[in-house]
Amino acid sequence: MFKTNSFLGVIGHLLIMGVIVAAMILGFFYYYLPSTTNHGESISVPKITGMQLQDADQLLEEQNLRYFINDSTYKPDQKPFQILTQDPAPGSKVKENRKIYISVNMKNPPMIKMPKLIDGSVKNAELILKSYDLRKGKITYVPDLQQNAVLKQFVNGQEVKPGDMVPKGSVVDLHVGDGLGDTEFEMPKVVGMPVDEASVLLVGQGLQIGNVFYVQGTEEPDGTVVKQRPYAEVGAKIRVGELVDLWVAGQEPVQGIE
């Protein structure tokens, strides 16, 4: 009888211990662990792109989230310390205390090397400036035989050479050739000359043939220049690259017929 009671007592104690252990396990997984890890709960990530860093910091703190700046860049059209990107994206579900990775617009632009624009075309300069995050400014055409070619480059009114350090996002002004040049000389007289000889003379002196008009009823032989513009008056000057219009005696030749 005593042994039976002792055996039952042991069994009872084991059962009580089993119940206690099971209660502890259930309490740990279903009460303690969820309360410490917010198991089953999530937070919707707010949109912070476009916000100032200080305002975003306050908003994230209120929602038990944190941020980490993993990148910074400079955009002249954005405010300093403005948030440019975020990860996770707005609306994503995350756990409490999760880090939001952001990129921020810098207050001061970084310094970069000025690219070489000189001797290239304006269109090519625009492409290069864009690739360097620089901006095209004022274009000033100056006398030069290199038509539409970049001659000089300026930042804040100061000429800069390729390789000089300039702030990223700077406005770059350009001096561009107008295709004429600044050399002046006396206007050559071609009236009375055959049109082909007149053309060779004018082109040889760096001028361009403009419009050619054919007139009839003159006393000059056909193909002779009877008038020119600009006129070859005494003291008349012309610049390299300018146009010269010619009036030629006779009927305009028909293309393709000799």
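By the naming in an unreviewed UniProt entry, the chain goes by PASTA domain-containing protein and is assigned to Pontibacter mangrovi.

Trainee: How should I be thinking about the sheet that holds strand β9 (residues 158–159) in this particular structure?
Mentor: Whether parallel or antiparallel, the strands of a sheet pair through hydrogen bonds between backbone atoms. An order of β7-β11-β8-β9 is seen for the four strands of this open sheet, with the pairing classed as mixed. In this open sheet, the two strands that pair with only one neighbour each are β7 (135–142) and β9. In this sheet, β9 lies alongside strand β8 (residues 150–155) in antiparallel orientation, the contact comprising two bridges. Residue F154 lies in a different strand from β9, and its bridge partner there is E159.

Trainee: Looking at this structure, I do not really get a nonpolar patch on the surface. What am I missing?
Mentor: Taken together, I11, L14, L15 and M17 make up a surface patch of nonpolar side chains, about 400 Å² in accessible area. Here M17 shows up in helix α1 (residues 2–37).

Trainee: Any chance you could explain helix α3 (residues 122–131) here in plain terms?
Mentor: An α-helical turn contains 3.6 residues, so any two residues separated by three or four positions project in the same direction. Listed as buried for α3 are V122, A125, I128 and L129. Burial along α3 is one-sided: seen end-on, the buried residues are contained in an arc of 115°. For α3, exposure combined with an orientation more than 90 degrees from the buried face picks out K123, L127, K130 and S131. Close packing links the buried residues of α3 with β7, β8 and β11 (171–177).

Trainee: Please clarify how the nonpolar core should be interpreted in this entry.
Mentor: Side chains of a nonpolar character, in soluble globular proteins, are inclined to be buried together. Within the largest apolar cluster, 15 residues are counted, with the highest numbers of intra-cluster contacts made by M114, L117, L129, L134, V166, V172 and L174. Sorting the residues of this core by element identifies α3, β8 and β11 as the ones contributing at least two each. Tallying contributions element by element places α3 first for this core, with four residues. In this structure, M187, V225, I238 and V240 belong to the second largest nonpolar core, which totals 14 residues.

Trainee: Sorry, what's going on with the packing of aromatic side chains here?
Mentor: The description of an aromatic ring pair rests on the distance of the ring centres and on the angle between the ring planes. If you walk through the whole model with that rule in mind, you get two aromatic pairs. Ring geometry for F68 and Y101: centres 5.8 Å apart, planes at 75°, overall edge-to-face. In this pair, F68 sits in strand β2 (residues 66–73) while Y101 sits in strand β5 (residues 99–105), placing the two residues 33 residues apart along the sequence. For F68, a relative accessible area of 40% puts it in the partly exposed group.

Trainee: Could you clarify how one ought to interpret the environment of Q63 in this entry?
Mentor: Here Q63 shows up in the loop between α2 (53–62) and β2. For Q63, a relative accessible area of 25% corresponds to the partly exposed category. Separated by 17 residues in the primary sequence, Q63 and P46 place their C-alpha atoms 8.9 Å from one another. If near-sequence neighbours (up to four positions away) are discounted, Q63 is found in contact with I43, S44 and P46.

Criteria and cut-off values
- Residues numbered from 1 in each chain as written.
- Predicted model: local features only at pLDDT ≥ 70, side-chain atom pairs only at ≥ 80, totals over all residues.
- Heavy atoms only, no water.
- Pairing = 2+ DSSP bridges.
- Helix = DSSP H or I, 4+ residues; strand = E, 2+ residues; numbered from the N terminus.
- Patch = residues over 30% accessible without salt bridge, like charges linked within 9 Å, V, L, I, M, F, W, Y side chains within 5 Å.
- Areas by Shrake-Rupley, 256 points an atom, 1.4 Å probe, with all protein chains shown as cover.
- Salt bridge = Lys/Arg side-chain N within 4 Å of Asp/Glu carboxyl O.
- Buried < 20%, exposed > 50% of the residue type's maximum accessible area, 1.4 Å probe, protein only.
- Arc of directions from axis to C-beta.
- Contact = heavy atoms within 4.5 Å.
- Core = buried A, V, L, I, M, F, W, Y, C linked by side-chain atoms within 4.5 Å.
- Phe/Tyr/Trp six-rings, centres within 6.5 Å; stacked < 30°, edge-to-face > 60°.

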